[in-house]
Amino acid sequence: MYVKKLNTGTTIPAIGFGTWQLAEGVEAREAVKNAIHSGYRLIDTAAIYGNEISVGDSVCNSGVSRGALFVTTKLGRGDLGYKTARLAFETSLHKLGVGYIDLYLIHWPGTDPRARKDSWRALGEIYKTGKAKAIGVSNYEISHLKEAASYSDIMPAVNQIEFHPYNYQQQKELLEYCNEHGIVVEAYSPLARGEILEEPVVKKISTSHRKSEAQVVLRWALQHNTVPIPKSGNPDRIKQNIDVFDFELNEREMELIDSIK
Ligand code: A2P
């Protein structure tokens, strides 16, 4: 499995499996089981997805050792704050039942700077206990990242943001900022929830590489130095979405995808 370095000194798999909208129970359990079986090692969930119990079940029963898997979950918007964050983390850890969390993220910055600061302090303490091997944020803008740097010497290891060709131009500056500051960018909704697959430019490039439209767009995200976390409930597509390491997009193809509006 290809990996990227985190600012903690550990690594994160280069691509992950997103579980947003996979319902607790058989849907999430089967999808995560299929994903791990297909070779995914990064499984991304969140308290708000409501599927941590099933995700944890599949991780624990996958037959793959815990150390080889990378589990992410996130602090819900309603739990921002010091005490609430500490408690929410324990709840997620308990539901997942996976011993420790590889990456714990603040899911949304919210509107209250004080709550963000208190949450980050809580995450810093959780990180120091070793119960979370890395901590980070999601949906943070440059201003939020600068704010965090102003009061903490622990920088987020990751910023997970919506990233796909339709919003590339808006996210470019944030991506550059993260790259410059050693923050790995994870790309959620890398397929723009499936919409991007209909774009003629993507179709054309996919034909010339004999790869699917989804594989082309995921490859584009990888070549932009992000960790894409595509979501699928379909076993064939789950498998297809990780098979993106045997081809490369050239500069022209990258530019063509960059400029899709
Ligand atoms: P499904 O779950 O039926 O496979 P995103 O990750 O950007 O949120 O996109 C997820 C959407 O894209 C889901 O609707 C998913 O549907 C669909 N999808 C995921 N992988 C593929 C693929 N390889 N080909 C076509 N559609 C896909």
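Provided above is the structure to which this section pertains.
Residues numbered from 1 in each chain as written. Predicted model: local features only at pLDDT ≥ 70, side-chain atom pairs only at ≥ 80, totals over all residues. Heavy atoms only, no water.

## Some details on the packing of helix H1 (residues 26–38) against helix H2 (residues 52–60)
In a pair of packed helices, the angle between the axes and the distance between the axes together describe the arrangement. Put simply, the test is: Every axis in this analysis is a line fitted to C-alpha atoms, fitted for helices over the stretch in contact. Angles between the N-to-C directions lie between 0 and 180 degrees. Strands are runs of DSSP state E lasting at least two residues, helices are runs of H or I lasting at least four, and both sets are numbered from the N terminus onward. Should the near helix be turned counterclockwise from the far one by less than a right angle, the crossing is left-handed, whereas a clockwise turn marks it as right-handed. Residue contacts are counted whenever heavy atoms from the two residues lie within 4.5 Å of one another.
Interaxial distance between H1 and H2 falls to 8 Å at its minimum, and their mutual angle equals 35 degrees. Two packed elements cross with a definite hand, and for H1 against H2 that hand is right-handed. When H1 is examined against H2, the residues Ala28, Arg29, Val32, Lys33 and Ile36 are found in contact with a partner set consisting of Ser54, Val55, Asp57, Ser58 and Val59.

## A word on the sheet that holds strand S10 (residues 226–228)
Which entries qualify depends on this criterion: Whether two strands pair comes down to DSSP finding at least two bridges between them.
Judged by pairing direction, the sheet is parallel, and its eight strands sit side by side in the order S3-S4-S5-S6-S7-S8-S9-S10 without closing on themselves. The open sheet has two edge strands with one neighbour each: strand S3 (17–18) and S10. The pairing of S3 with strand S4 (residues 42–44) spans two bridges and is parallel. The residue bridging Phe17 from the neighbouring strand is Ile43, located in S4.

## Digging into the pattern of salt bridges
Heads up, the condition is: For this analysis, a salt bridge means a side-chain nitrogen from Lys or Arg found within 4 Å of a carboxyl oxygen belonging to Asp or Glu. Burial classes: relative accessible area under 20% of the type maximum marks a residue as buried, over 50% as exposed, and values in between as partly exposed (1.4 Å probe, protein chains only).
Under the counting rule described, the total for this entry stands at 12 salt bridges. Residues Lys74 and Asp44 are paired through a salt bridge, measuring 2.6 Å at the closest nitrogen-oxygen approach. Of the two residues, Lys74 sits in strand S5 (residues 70–75) while Asp44 sits in strand S4, which places them 30 residues apart along the sequence. Residue classification places Lys74 among the buried residues on the basis of a relative accessible area of 0%. Relative accessible area serves as the criterion here: at 0%, Asp44 is assigned to the buried category. Two residues, Asp102 and Arg66, come together in a salt bridge whose shortest N-O distance is 2.8 Å.

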